[in-house]
Amino acid sequence: LATYETKIEDGKIFVNLLPKQMSVAMFAVTSETVPPADDGKQWSFVMTTAALDKQPNRRAQGTVDGVQIALLTEGSNIYAVQAKCPHLGIPLAGGKVENGVITCSQHKSSWSCDSGESKDWLPGGGVNAVQRLVSKPCDLATYETKVEDGKIYINLNPY
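An account of the accompanying structure is given in this report. All of these numbers come straight from a predicted model, not from anything done at the bench.

This brings us to the pattern of salt bridges. Applying the stated rule across the entire model yields five salt bridges. One salt bridge connects Lys41 with Glu144, and the closest N-O pair in it is separated by 2.6 Å. Placement of the pair is Lys41 in the loop between β3 (25–29) and β4 (43–48) and Glu144 in the loop between β12 (142–143) and β13 (145–148), with a sequence separation of 103 residues. We classify Lys41 as partly exposed; its relative accessible area is 26%.

Shown next as structure tokens:
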């Protein structure tokens, strides 16, 4: 029987679907957008860099204005991608990020954190080889991020 970590905050229930060793911060932001910037983009506040830095693996997942997002880091880079793998719905915050590529922790498909382009779809043999026969490669929704005054913002319009 699987059990999951839960918490209630501001009347919302959060369930962490990642294994305990992969736990990440959970967030929910609704309508905390800033006025359009000079670049014409609508930026939404997600969390502070200080809060993200305190998290195991410097990862977070949650919703921003109803969009499920995973925040991933590699060095000083902060990426925002759709929260779940398009193949099986596995939380991507538990995946490995290397050279700007996120790899799903379960079936090892990988995508560019910048463009969302599929890099390696269901690699290897066994079950993945069978699944490749019925499942076409899918790109990942990615979102532009920026940091200002220690606050992380994302543009909810996918790249």
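So that's the structure; there's more coming.
On to the environment of Gly124. One can find Gly124 in the loop between β11 (118–120) and α2 (127–134). For Gly124 and His107, which are 17 residues apart along the polypeptide, the C-alpha to C-alpha distance reads 9.4 Å.

This brings us to the state of the cysteines. As enumerated under the stated definition, the model contains zero disulfides in all. No disulfide involves Cys85; its sulfur sits 4.2 Å from the nearest other cysteine sulfur, which is in Cys104. As a non-bridged cysteine, Cys138 has Cys85 as the owner of its nearest cysteine sulfur, 8.4 Å distant. The exposure class assigned to Cys138 is partly exposed, which follows from its relative accessible area of 29%.

Next up on the list: the sheet that holds β4. Taken together, three strands build an open sheet; the order of strands is β4-β14-β13 and the sheet is antiparallel. Looking at strand neighbours, the two that pair on one side only are β4 and β13, the edges of this open sheet. Pairs of neighbouring strands in the sheet enclose a mean axial angle of 30°, with direction left out of account. Two elements, β13 and strand β14 (residues 151–155), share four bridges in a ladder whose sense is antiparallel. In the sheet register, Thr145 faces β14, and the bridge partner there is Ile154.

Once that is clear, we can look at the pairing of strand β7 (residues 77–82). Most of β7 sits out of view: five of its six residues are buried. Inspection of the sheet shows strand β6 (residues 67–74) paired to β7 by six bridges, in the antiparallel sense. By the bridge assignment, Ala70 is partnered in β7 with Val81. Connecting β6 to the next strand, β7, in antiparallel fashion are two residues, including Gly75 with a positive phi near 60°. Of the strand pairs in this sheet, β7 and β12 are connected by two bridges, and their pairing is antiparallel. The residue of β12 that forms the bridge with Val81 is Thr142.

Definitions and cut-offs
- Residues numbered from 1 in each chain as written.
- Predicted model: local features only at pLDDT ≥ 70, side-chain atom pairs only at ≥ 80, totals over all residues.
- Heavy atoms only, no water.
- Salt bridge = Lys/Arg side-chain N within 4 Å of Asp/Glu carboxyl O.
- Helix = DSSP H or I, 4+ residues; strand = E, 2+ residues; numbered from the N terminus.
- Buried < 20%, exposed > 50% of the residue type's maximum accessible area, 1.4 Å probe, protein only.
- Disulfide = S-S within 2.5 Å.
- Pairing = 2+ DSSP bridges.
- Axes fitted to C-alpha atoms, helices over the stretch in contact; angles between N-to-C directions.

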